[in-house]
Amino acid sequence: MPMLYFHSSLLASLSNLTIPRISMARETKKYKNLEYIVGKALGATLMFGIFFSSIFMFFGNSWSTAFYKNSDAGVYLKVLSPIVPLVYLDVVVDSLLKGMDEQFNSMKFNLADSTLRVVLVFCLLRFFGMDSYIGILFVSTIFNVSLSLGRLIKVTRVKINISERIVLPALSFYPASFAVRLFIERYESIFPHSIIYVLAQIVLSALAGGCLYYVLTYIKSLFIKSREPQERT
């Protein structure tokens, strides 16, 4: 859990910096500016979350060995990797809601999420063990993000481009991290320390994923331009 949530501390700090800008845009009724800020924050968060989701999915055992000296935690990193974007998104959405003067609703959503977790843990954990806890994390995270994000979209009227914000990053970082794993595993012995090996995984995956994202974005723009004349005719 510390490895999953550690990177969200960076997002929490950065998202708190957007609160004054969002509050000012709301007070001055600059809704276009407000929609732009919120859209950029959500897009960056999703890309950041998808990137680390791919890292945990394909390098979970390496991270577990580097930080805990065994690979047991790596299994849970891989299993929990799909909800990493939602975990990070929840952190940022809470800050954005504060900027929209929606603290009370944010508190209600978090309280409902905590209550749901306690009830599910009490009812399921003693019967089904750790597997049920994994399921509880998935259910509660999706529940909380659905409420918070739905409220944010309602009050800001921001539109999330799924193909650009989710599909393209996923098609970029997951294949890139998988390819980097196939490549770097052959040269694992040349790294003097496991932490350096982990850092190399992050850097190479970021570079490969970024290049692939640029290529896919460029191909998408060409496809859109090729369809415009046909739509006009």
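The rules behind these values
Along each chain, residue indices are assigned from 1 in the same order as the chain's sequence is written. Restriction of local features to residues with pLDDT of at least 70 applies here, the model being predicted, together with a cutoff of 80 or more for giving and counting side-chain atom pairs; totals for whole chains, interfaces and linings are based on all residues. Side-chain calculation: all heavy atoms of the structure are included, whereas hydrogens and water are not. Runs of H or I in DSSP of at least four residues are treated as helices and runs of E of at least two as strands, each being numbered from the N terminus. Only protein chains enter the accessibility calculation, which uses a 1.4 Å probe; a residue is then buried when its area is under 20% of its type maximum, exposed when over 50%, and partly exposed in between. Only heavy atoms enter the contact rule, under which two residues are in contact if any of them lie within 4.5 Å. Working rule for helices: expected span equals 1.5 Å times residues minus one. Residues enter a nonpolar core if they are buried and are Ala, Val, Leu, Ile, Met, Phe, Trp, Tyr or Cys, with the set joined through side-chain atoms within 4.5 Å. A pair is scored as a salt bridge if a Lys or Arg side-chain nitrogen falls within 4 Å of a carboxyl oxygen belonging to Asp or Glu.

Asks: Quick one: what's the story with the overall build of the chain, residue by residue and with numbers?
Replies: When you go through the chain residue by residue, the secondary structure sums to nine helices and zero strands. The order of α-helices and β-strands along the chain, N terminus first, is α-α-α-α-α-α-α-α-α. Oriented by its inertia axes, the alpha-carbon framework of the chain measures out at about 55 × 55 × 30 Å. Counting over 233 residues, the chain shows a buried share of 38%. Sequence separation of 24 or more characterises 79% of the internal contacts of the chain that already satisfy a separation of 6 or more.

Asks: Residue-level account of helix α7 (residues 130-156), with values.
Replies: The end-to-end C-alpha separation of α7 is 39 Å, in line with the 39 Å expected for 27 residues at 1.5 Å each. Those residues of α7 not exposed but buried are Ser132, Ile134, Ile136, Leu137, Ser140, Thr141, Asn144, Val145, Ser148, Leu149, Leu152 and Thr156. Structurally, α7 contributes buried residues whose contacts are with α3 (31-68), α4 (72-80), α5 (84-99) and α6 (103-128). Arg157 sits one or two residues past α7 and shows a positive phi near 60°.

Asks: I'd love a proper account of unusual backbone geometry, names of residues and values included.
Replies: If you check the backbone angles, Lys29 has positive phi at about 60° while not being a glycine. Tracing the backbone through its elements, the reader meets Lys29 in the loop between α2 (8-27) and α3.

Asks: Describe the nonpolar core, listing the residues and the values that go with them.
Replies: The biggest cluster of nonpolar side chains holds 45 residues, and the ones touching the most others in it are Val38, Leu42, Phe56, Trp63, Leu96 and Leu152. Counting residues per element, the ones that place at least two in this core are α1 (2-6), α2, α3, α4, α5, α7, α8 (162-184) and α9 (194-232). Excluding residues within four positions of it along the chain, Val38 makes contact with Ile22, Leu96, Leu152, Thr156 and Val158.

Asks: Before we move on, could you go through the environment of Gly150 and cite the residues and values that matter?
Replies: Relative to the helices and strands, Gly150 is located in helix α7. Along the primary structure Gly150 and Val93 are separated by 57 residues, whereas in three dimensions their C-alpha atoms are 9.9 Å apart.

Asks: Account for the pattern of salt bridges, naming residues and giving values.
Replies: Per the stated rule, a full pass over the model turns up four salt bridges. Salt-bridge contacts for Arg151 lead to Glu102; the nearest nitrogen and oxygen are separated by 3.1 Å. In this pair, Arg151 is assigned in helix α7 and Glu102 in the loop between α5 and α6, connecting sequence segments 49 residues apart. Relative accessible area serves as the criterion here: at 23%, Arg151 is assigned to the partly exposed category. In this structure Glu102 comes out as buried when scored by relative accessible area, which is 10%. Here Glu185 makes a salt bridge to Arg181, at a shortest N to O gap of 4.0 Å.

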